[in-house]
Amino acid sequence: MKFDSRIIPIRNDLASIKYKGLVKKNYFSDGTDYYLRSSSSPLYYNKNAKELATQLLYGEAFKVFDISGEFAWGQSLRDNYVGYTPIKFLASKKINATHKVRSLRTFVYKDPEIKEIPIMHLSLNSLVKIKSKKKKFSYLENLGWVYSNDLSPINNFKFNAVDIAMQYLNTPYLWGGRDSLGIDCSGLIQNIYQMKGIGMPRDTDLQELFIADEVDSVSTIKAGDLIFWKGHVAMAIDNKNIIHANAYHMRTSTETLKTAKVRISKEYGKIIRISRP
């Protein structure tokens, strides 16, 4: 039986206990839940750390099946992605998130004062727990103070997809990136729709399969629709223009779909699907 190693925690020597009986391995693990305690953390395909698969964001849960040296091998519980991440960025204490970051980036301060030197930053779509509030600031458990308007209740999904996307405008392109400092095409789409309560997968091929509703033609495109090429995805901001993180501009940019189609077809071929989440 063939498994997708990106989202199924099975190695040559070890697998999640969920697959006992389906595969023959020397060892199986129940796994232990950890939570990301840094602004973000790289998730690599292999522990040689040569290729970035994706990134974990603050507060996300990561089930660890094995720890070897500096790396933990496990699975993100938010999107099921599997890989190796530095163990130093993880902690076992659970984060019962009450809010998520709604701004592209917000700073964390030791005290609720704008003149304080920031401790760290948090990116859009990070998960946090508010313990108390003071004036315009909220105190995040075991972390510090952030500007309250940069946060939204965890169960608020009433976001406009285009508005979220436009916050990323000019963010540098980073293969495997998912935070506010660098992002790729599918990472952008995943963050947008996770904010809206849709459990969007990480990679373009998985995203294409995930969305059932298909748009008949380019002429009927609406804002928020996703345009897929083989290996690339963009989002419509209206019936003529798109926004996408791309390696041509090396940033998140807007352009007309007409212009993008001509250029992208040379590398990825024709549009293979238009979907409506």
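Residues numbered from 1 in each chain as written. Predicted model: local features only at pLDDT ≥ 70, side-chain atom pairs only at ≥ 80, totals over all residues. Heavy atoms only, no water.

A few points about the side chain of Q55
Turning to its location among the elements, Q55 is positioned in strand 5 (residues 52-57). Within the structure, Q55 has its side chain in polar contact with the backbone nitrogen of R178 (distance 2.5 Å). Looking at Q55, its side chain comes within polar contact range of the main-chain nitrogen of D179, at 3.0 Å. Setting aside anything within four residues of it in sequence, one finds Q55 in contact with S40, S41, L43, E60, L174, G176, G177, R178, D179 and G182. (Helix = DSSP H or I, 4+ residues; strand = E, 2+ residues; numbered from the N terminus. Polar contact = N/O pair within 3.5 Å; in protein donor to acceptor, adjacent residues only side chain to side chain. Contact = heavy atoms within 4.5 Å.)

Things to note about the sheet that holds strand 17 (residues 151-153)
Read across the sheet, 3 strands follow the order 13-10-17 without closing on themselves; strand pairing throughout is antiparallel. The sheet terminates laterally at strand 13 (127-128) and strand 17, the two strands that pair on one side only. As judged from the 3 bridges shared by strand 10 (residues 99-101) and strand 17, these two strands associate in the antiparallel manner. When the sheet's bridge partners are listed, V101 is paired in strand 17 with L151. (Pairing = 2+ DSSP bridges.)

A few points about the pattern of salt bridges
Inspection of every chain in the model, using the stated rule, returns 14 salt bridges. In this structure, K131 and E141 form a salt bridge, with 3.9 Å as the shortest nitrogen-oxygen distance. One end of the pair, K131, is in strand 14 (residues 130-134); the other, E141, is in the loop between strand 15 (137-140) and strand 16 (144-147), and 10 residues separate them in sequence. When its relative accessible area of 17% is taken as the criterion, E141 is described as buried. (Salt bridge = Lys/Arg side-chain N within 4 Å of Asp/Glu carboxyl O. Buried < 20%, exposed > 50% of the residue type's maximum accessible area, 1.4 Å probe, protein only.)

Details of the sheet that holds strand 14
The 3 strands lie next to each other as 14-15-16, forming an open sheet whose pairing is antiparallel. Looking at strand neighbours, the two that pair on one side only are strand 14 and strand 16, the edges of this open sheet. Each strand axis lies, on average, 30° off the axis of its neighbour in the sheet, ignoring direction. Bridging between strand 14 and strand 15 involves 4 bridges; their strand directions are antiparallel. Its bridge partner being in strand 15, I130 is matched across the sheet by L140. (Axes fitted to C-alpha atoms, helices over the stretch in contact; angles between N-to-C directions.)

Overview of the nonpolar core
Of all hydrophobic cores here, the largest spans 24 residues; its most connected members are I164, Y168, I189, I192, Y193, L226 and M235. Looking at this core, the elements with two or more residues in it are helix 1 (161-167), helix 2 (185-195), strand 20 (226-229), strand 21 (232-236) and strand 22 (241-246). Here this core gets 6 residues from one element, more than from any other, and that element is helix 2. In terms of nonpolar packing, the next biggest core, distinct from the first, is built from 14 residues, V108, V128, I130 and L151 among them. (Core = buried A, V, L, I, M, F, W, Y, C linked by side-chain atoms within 4.5 Å.)

Focus on the pairing of strand 4 (residues 40-44)
Here strand 4 lies mainly inside the structure; 5 of its 5 residues are buried. What you see with strand 4 is no split at all: S40, P42 and Y44 on one side and S41 and L43 on the other are buried throughout.

Observations regarding the environment of T204
Checked against the element boundaries, T204 lands in helix 3 (residues 204-210). Sequence-wise, T204 and I10 are 194 residues apart; in three dimensions their C-alpha atoms are separated by 22 Å. In this view, T204 contacts C185, S186, F228, G231, H232 and V233; residues no more than four positions away in its chain are not counted.

Observations concerning the packing of aromatic side chains
Evaluated as defined, the whole model comprises 6 aromatic pairs. Note on Y109 and F137: the rings are 6.1 Å apart at their centroids and 85° apart in plane angle, and the pair reads as edge-to-face. Placement of the pair is Y109 in the loop between strand 11 (105-108) and strand 12 (120-123) and F137 in strand 15, with a sequence separation of 28 residues. Looking at Y109, the relative accessible area reads 12%, which means it is buried. Look at F137 and you get buried, because its relative accessible area is 8%. (Phe/Tyr/Trp six-rings, centres within 6.5 Å; stacked < 30°, edge-to-face > 60°.)

Re unusual backbone geometry
If you check the backbone angles, N142 has positive phi at about 60° while not being a glycine. As for its position among the elements, N142 is in the loop between strand 15 and strand 16.

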